[in-house]
Protein chains: 2
Amino acid sequence: MTRSLTLLGATGSIGASTLDLVRRNRDAWQVEALTAHCSVAELAALAIEFDAKLAVVGDEACLPALRDALAGSGVEAAAGRAALCEAAARPVDMTVAAIVGCAGLGPVMAAIERGGTIALANKEALVSAGEVMMQAVARHGATLLPTDSEHNAIFQCLNGNRIEDVARITLTASGGPLRTWSQAELDAATPAQAVAHPNWSMGAKISVDSATMMNKGLEYIEAYHLFPVGLDRLHIVVHPQSVVHSMVEFRDRSTLAQLGPSDMRVPIASCLAWPQRMETPLAPLDLAAIGQLTFEPTNEALFPATRLAREAIAAGGSAPAILNAANEVAVAAFLSGQLRFTRIAALVEETLARSNDAPRPASLAEVLDVDQSARRQARSLLETQALV
Amino acid sequence: MTRSLTLLGATGSIGASTLDLVRRNRDAWQVEALTAHCSVAELAALAIEFDAKLAVVGDEACLPALRDALAGSGVEAAAGRAALCEAAARPVDMTVAAIVGCAGLGPVMAAIERGGTIALANKEALVSAGEVMMQAVARHGATLLPTDSEHNAIFQCLNGNRIEDVARITLTASGGPLRTWSQAELDAATPAQAVAHPNWSMGAKISVDSATMMNKGLEYIEAYHLFPVGLDRLHIVVHPQSVVHSMVEFRDRSTLAQLGPSDMRVPIASCLAWPQRMETPLAPLDLAAIGQLTFEPTNEALFPATRLAREAIAAGGSAPAILNAANEVAVAAFLSGQLRFTRIAALVEETLARSNDAPRPASLAEVLDVDQSARRQARSLLETQALV
């Protein structure tokens, strides 16, 4: 049976992994729409290869180039924020939401409002707009399939169980490339050192987030919204091999864990085929060859980001969106040499402290206002140089 | 809602764990029948404590003592093989089948023929009579909930998934107390050394089976019947910490694993509350405190039992029943000082070789004939002293 698919963010890393799986199962999928920010040539080539009905670029300035690239192909071309949301609102069996950043919020919400089944890879949707999003999911009867490896692991472990039987959800964290560094070494960490992730091949921003543990903090906030067990049942453990992607302990003290290769095609395949399974081209797990899996507690004295995330979600309201926005500003400043590694978390904490009268966002527009305001606050703190 | 329960084998280790859980949830359960082989005083005390309607001893000679012990209690007393089967045939919501050895086969079959839901802890039912049992399960629409920690782990990992999506099932094995011993050391292993299991507190027979790896071989045969994925998708990995109880890898290369304490109350609770969950009095899993989990391949040169089990189930017919019967004779001989540790597997292999024209058992009676005949063959081999 052919199923229809829209892929929001076709030219990024999640998009490439998704299309690799679709390419291997071409008969199973009919592609409705593919979108990109402004990678026109790549988007056009993919739209033609996958016989998409529609290709959309987020940047309206790219529309003429997209029209040229698609001339004669029969693929419809469109551009701009509204066009992204219209693409997301078209009825399909599966939407993969893989647009990075706050640009993805509107299209994700459009897919939710359609009541669709959404493989969600956009972190900002749940970190910044978690309450607004989850209320919309409930209101419109949408189905969220988490695509992040950790949340997908938890989703798989919960399958067939009741959320009220959960005693504890444990997110695993690799600890990142600087896990064993001292405070003095962390103070001097360079961008090149911070982005050298031991297990996952990822972009610079998320690699730095992994090094600061903010990535796990953001995932903690996502997990809070996706799996309503309460903060006291959400934990993090450091697991440097990244083989166990996360775990759920039930009240009988059975723990279910999901394990697998560090390849996003595994959780994406789990979403695409859900509630069944599909082949992926990966090797079987060979634990005898891996030999050992190790676990250790988080070190929030050296890596305070998970504490900040926990405090932000406990505070609720605008705090998670502020945390996320300030972190983006701080990481960009670190990558451009303006901020020391150990001051990333400090800038986030200070931005949160100065924003504590921000209103509780009740809509996506208000979330985006909070986001912009927090970015301004963080940049202003940066410019005072007080924290560098 | 109160559910009715019959516990076959109330005075053994599984029985004690089951009743511990029932005792903690007295309002949830109404006990129909409790059975024992001949521990009259203990059985009577339990029957009175749990307000059972019926208490049965397998040994008819114990009936007068049971009647005395239950006088005035209102608990009905019965004895003998037929009475065990009649107890098992009474309609209840849940039957826990925990009679050890071939004596448990008839009662398990009676519960299956009633189409009941059976928490199955009797190994022999599936090892010796797997084909006959599973055919009866299908015919009568019974539900088997595996209680062995490994099979219960697999059952939990499969929950909500389709058996045809399974790429591989991996049973974990502690490797037993002699895992790191040399051939020469194994030749000289004493019963006391062989029963000193590092993780589980178990009876002498099963502890020796763990030391020879025959326990894992028997579990391999059980898994073959319970989870029809075929021999090439059934594997064993050595995992000395016994934290991961078993794993299922799906064709997308997601692996689900069940972890937990080495306490049978966890898998029993999983069966009793299935498809929901119930509290157990155990501590949460603390992987950061455990620190590391290790995995290594099996060593069939030193521990050939898993090879023998694989060959027996591949041969099918009477071979698994012969393997099990010969192993019981061999382990008893080892425990009484008649047979060297390393000759346990040799006696099993030789018994199998001499029984290769045994007929394929088509009924429980024929399984029991195979069992008796294999025991005679094994004892005869023992008496020739050729293998000692």
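**Overview of the overall build of chain A**
At step 1: For chain A, the helix and strand inventory stands at 18 helices and 12 strands.
At step 2: Against the globule reference of 21 Å for 388 residues, chain A gives a C-alpha radius of gyration of 21 Å, in line with a compact fold.
At step 3: Taking the principal axes of the C-alpha coordinates as reference, chain A spans close to 60 × 50 × 40 Å.
At step 4: When contacts within chain A are restricted to residue pairs at least 6 apart in sequence, those whose partners lie at least 24 apart make up 67%.
At step 5: Accessible area of chain A: about 14400 Å², with a carbon and sulfur share of 50%.
At step 6: Charge-centre separation for chain A: the mean point of 30 positive side chains lies 2 Å from the mean point of 41 negative side chains.

**Concerning helix 1 (residues 13-24) of chain B**
Helical geometry note: an α-helix holds 3.6 residues per turn, so side chains three or four residues apart project in the same direction.
All names here are of chain B.
At step 1: A rise of 1.5 Å per residue sets the reference length of helix 1, with its 12 residues, at 16 Å; its end C-alpha atoms lie 17 Å apart and thus fit the reference within 8%.
At step 2: Among the residues of helix 1, Ile14, Gly15, Ser17, Thr18, Leu19, Asp20, Leu21 and Val22 are the ones counted as buried.
At step 3: Taken together, the buried residues of helix 1 touch strand 1 (3-8), strand 2 (29-36), helix 2 (40-49), strand 5 (94-97) and helix 13 (265-273).

**A closer look at the side chain of Thr6 of chain A**
All names here are of chain A.
At step 1: Along the polypeptide, Thr6 turns up in strand 1 (residues 3-8).
At step 2: Under the relative-accessibility criterion, Thr6 is labelled buried at 1%.
At step 3: Those residues in contact with Thr6 that lie beyond four places of it in its chain are Glu32, Ala33, Ala87, Val92, Met94, Thr95 and Val96.

**So, the confidence of the model for chain A**
At step 1: Considering every residue of chain A, the mean pLDDT works out to 95; 98% of them sit at 70 or more.
At step 2: Model confidence for the complex: the whole-complex pTM is 0.96, and ipTM, which rates the interface, is 0.96.

**What about the side chain of His151 of chain A?**
All names here are of chain A.
At step 1: Its place among the elements puts His151 in helix 8 (residues 149-158).
At step 2: A distance of 2.7 Å separates a polar side-chain atom of His151 from the backbone oxygen of Glu219.
At step 3: Sequence-distant contacts of His151, defined by excluding residues within four places in its chain, comprise Pro146, Leu171, Glu219, Glu222, Ala223, Leu226 and Phe227.

**Description of the packing of helix 2 (residues 40-49) of chain A against helix 3 (residues 63-70) of chain A**
All names here are of chain A.
At step 1: Orientation of helix 2 relative to helix 3, taken along the N-to-C sense of each, is 35°, at an axis distance of 9 Å. Here helix 2 and helix 3 pass one another in a crossing that is right-handed. From helix 2, Val40, Leu43, Ala44, Ala47 and Ile48 reach across to helix 3, where they touch Ala65, Leu66, Ala69 and Leu70.
At step 2: Taken together, the residues of the contact of helix 2 with helix 3 sort by class into nine nonpolar, no polar and no charged.

**Describing the relation of the copies chain B and chain A**
At step 1: Relative to chain A, chain B is turned by 180° and slid 0.0 Å along the rotation axis, the superposed coordinates differing by an RMSD of 0.0 Å. Such values leave the two copies arranged in the relation of a two-fold axis.
At step 2: A share of 100% of interface residues in chain B that are also interface residues in chain A marks the association as one of identical surfaces.

**Regarding the nonpolar core**
At step 1: The biggest cluster of nonpolar side chains holds 171 residues, and the ones touching the most others in it are Met133, Leu323 and Phe341 of chain A together with Met133, Leu323 and Phe341 of chain B.
At step 2: Phe341 of chain B has contacts with Leu178, Leu186, Ala189, Ala194, Ala211, Thr212 and Phe334 of chain B, leaving out every residue within four places of it along the chain.
At step 3: With 40 residues, the next largest nonpolar core counts Ala10, Leu19, Val40 and Val57 of chain A among its residues.

**Comments concerning the interface of chain B and chain A**
For interface size, the figure often reported is the accessible area lost on association.
At step 1: Across the boundary between the two partners, chain B contributes 45 residues, which contact 45 residues of chain A.
At step 2: When the two sides are added together, the surface that chain B and chain A hide from each other amounts to roughly 3900 Å², 47% of it contributed by carbon and sulfur.
At step 3: Looking only at chain B, the three residues that lose the most surface to chain A are Asp252, Arg253 and Arg277 of chain B, adding up to 20% of its buried area.
At step 4: Summed over the shared surface of chain B and chain A, the result is four salt bridges.
At step 5: Residue Asp252 of chain B is joined to Arg277 of chain A by a salt bridge in which the shortest nitrogen-to-oxygen separation is 3.0 Å.
At step 6: There are 34 residue pairs in polar contact (both at pLDDT 80 or more) connecting chain B and chain A.
At step 7: Elements with a minimum of two residues in the side of chain B that touches chain A: helix 8 (149-158), strand 10 (244-250), strand 11 (255-259), helix 13, helix 14 (287-290) and strand 12 (292-294) of chain B.

**Notes on the sheet that holds strand 4 (residues 76-79) of chain A**
Residue and element names in this part refer to chain A.
At step 1: Strand order in the open sheet formed by seven strands is 4-3-2-1-5-6-7, and the pairing between neighbours is parallel. The sheet is open, and its two edges are formed by strand 4 and strand 7 (143-146), each paired on a single side. Direction aside, neighbouring strands of the sheet carry axes that sit 20° apart on average.
At step 2: Here strand 6 (residues 117-120) runs beside strand 7; their pairing, made up of four bridges, is parallel. Bridging from a neighbouring strand, Ile118 pairs with Leu144 of strand 7.
At step 3: Sitting on the sheet, helix 4 (residues 81-89) is in contact with strand 1, strand 2 (29-36), strand 3 (54-57) and strand 4, with an inclination near 145° to strand 3.

**Regarding the domain arrangement of chain A**
All names here are of chain A.
At step 1: Domain assignment breaks chain A into domain 1 (3-146) and domain 2 (316-388).
At step 2: Of the residues lining the interface, 11 residues belong to domain 1; the matching set on domain 2 comes to 14 residues.
At step 3: Note on domain 1 versus domain 2: buried area summed over both sides is about 930 Å², and carbon and sulfur give 63% of it.
At step 4: If you sort the residues of domain 1 by the area they bury against domain 2, Ser128, Glu131 and Val132 come out on top, with a joint share of 45%.
At step 5: Viewed at the interface, domain 2 and domain 1 are joined by one salt bridge.

**Re the pattern of salt bridges**
Residue and element names in this part refer to chain A.
At step 1: Inspection of every chain in the model, using the stated rule, returns 58 salt bridges over all chains.
At step 2: Here Glu300 makes a salt bridge to Arg310, at a shortest N to O gap of 2.9 Å. With a gap of 10 residues between them, Glu300 in the loop between strand 12 (292-294) and helix 15 (305-315) and Arg310 in helix 15 connect regions that are remote in the sequence.
At step 3: Residue class for Glu300 comes out partly exposed when judged on its relative accessible area of 23%.

**A look at the packing of aromatic side chains**
At step 1: One pass over the structure, following the stated rule, counts four aromatic pairs over all chains.
At step 2: Look at Phe155 of chain A and Trp274 of chain A: their rings are 6.0 Å apart centre to centre, the planes differ by 55°, and that puts the pair in the tilted class. Of this pair, Phe155 of chain A sits in helix 8 while Trp274 of chain A sits in the loop between helix 13 (265-273) and helix 14 (287-290), and the two are 119 residues apart along the sequence.
At step 3: We classify Phe155 of chain A as partly exposed; its relative accessible area is 22%.
At step 4: For the ring pair Phe334 of chain A and Phe341 of chain A, a centre distance of 5.6 Å and an interplane angle of 70° mean the geometry is edge-to-face. Here Phe334 of chain A matches Phe341 of chain A in class, with each residue buried.
At step 5: One cation-aromatic arrangement involves Arg277 of chain B over Phe250 of chain A; the distance from NZ or CZ to the ring centre is 4.1 Å.

**Here's the deal with the environment of Ala374 of chain A**
Residue and element names in this part refer to chain A.
At step 1: Examined against the element boundaries, Ala374 turns out to sit in helix 18 (residues 364-383).
At step 2: Looking at Ala374, the relative accessible area reads 1%, which means it is buried.
At step 3: Spatially, the C-alpha atoms of Ala374 and Leu352 are 8.2 Å apart, while their sequence positions differ by 22 residues.
At step 4: With sequence-adjacent residues up to four places away left out, Ala374 is seen in contact with Ile322, Ala325 and Thr351.

Rules used throughout
Residues numbered from 1 in each chain as written. Chains lettered and ligands numbered in written order. Predicted model: local features only at pLDDT ≥ 70, side-chain atom pairs only at ≥ 80, totals over all residues. Heavy atoms only, no water. Helix = DSSP H or I, 4+ residues; strand = E, 2+ residues; numbered from the N terminus. Rg over C-alpha atoms; globule rule 2.2 N^0.38 Å. Contact = heavy atoms within 4.5 Å. Areas by Shrake-Rupley, 256 points an atom, 1.4 Å probe, with all protein chains shown as cover. Lys, Arg positive; Asp, Glu negative; His and termini not counted. Charge placed at Lys NZ, Arg CZ, Asp CG, Glu CD. Expected span 1.5 Å × (residues − 1). Buried < 20%, exposed > 50% of the residue type's maximum accessible area, 1.4 Å probe, protein only. pLDDT = per-residue confidence, 0-100. Polar contact = N/O pair within 3.5 Å; in protein donor to acceptor, adjacent residues only side chain to side chain. Axes fitted to C-alpha atoms, helices over the stretch in contact; angles between N-to-C directions. Left-handed = near helix turned anticlockwise from the far one by under 90°. Nonpolar A, V, L, I, M, F, W, Y, C, P; charged D, E, K, R; others polar. Least-squares fit on C-alpha atoms with pLDDT ≥ 70 in both. Core = buried A, V, L, I, M, F, W, Y, C linked by side-chain atoms within 4.5 Å. Buried area = accessible area lost by both parts, 1.4 Å probe. Salt bridge = Lys/Arg side-chain N within 4 Å of Asp/Glu carboxyl O. Pairing = 2+ DSSP bridges. Domains from an automatic or database assignment. Phe/Tyr/Trp six-rings, centres within 6.5 Å; stacked < 30°, edge-to-face > 60°. Lys NZ or Arg CZ within 6 Å of the ring centre and 35° of its normal.

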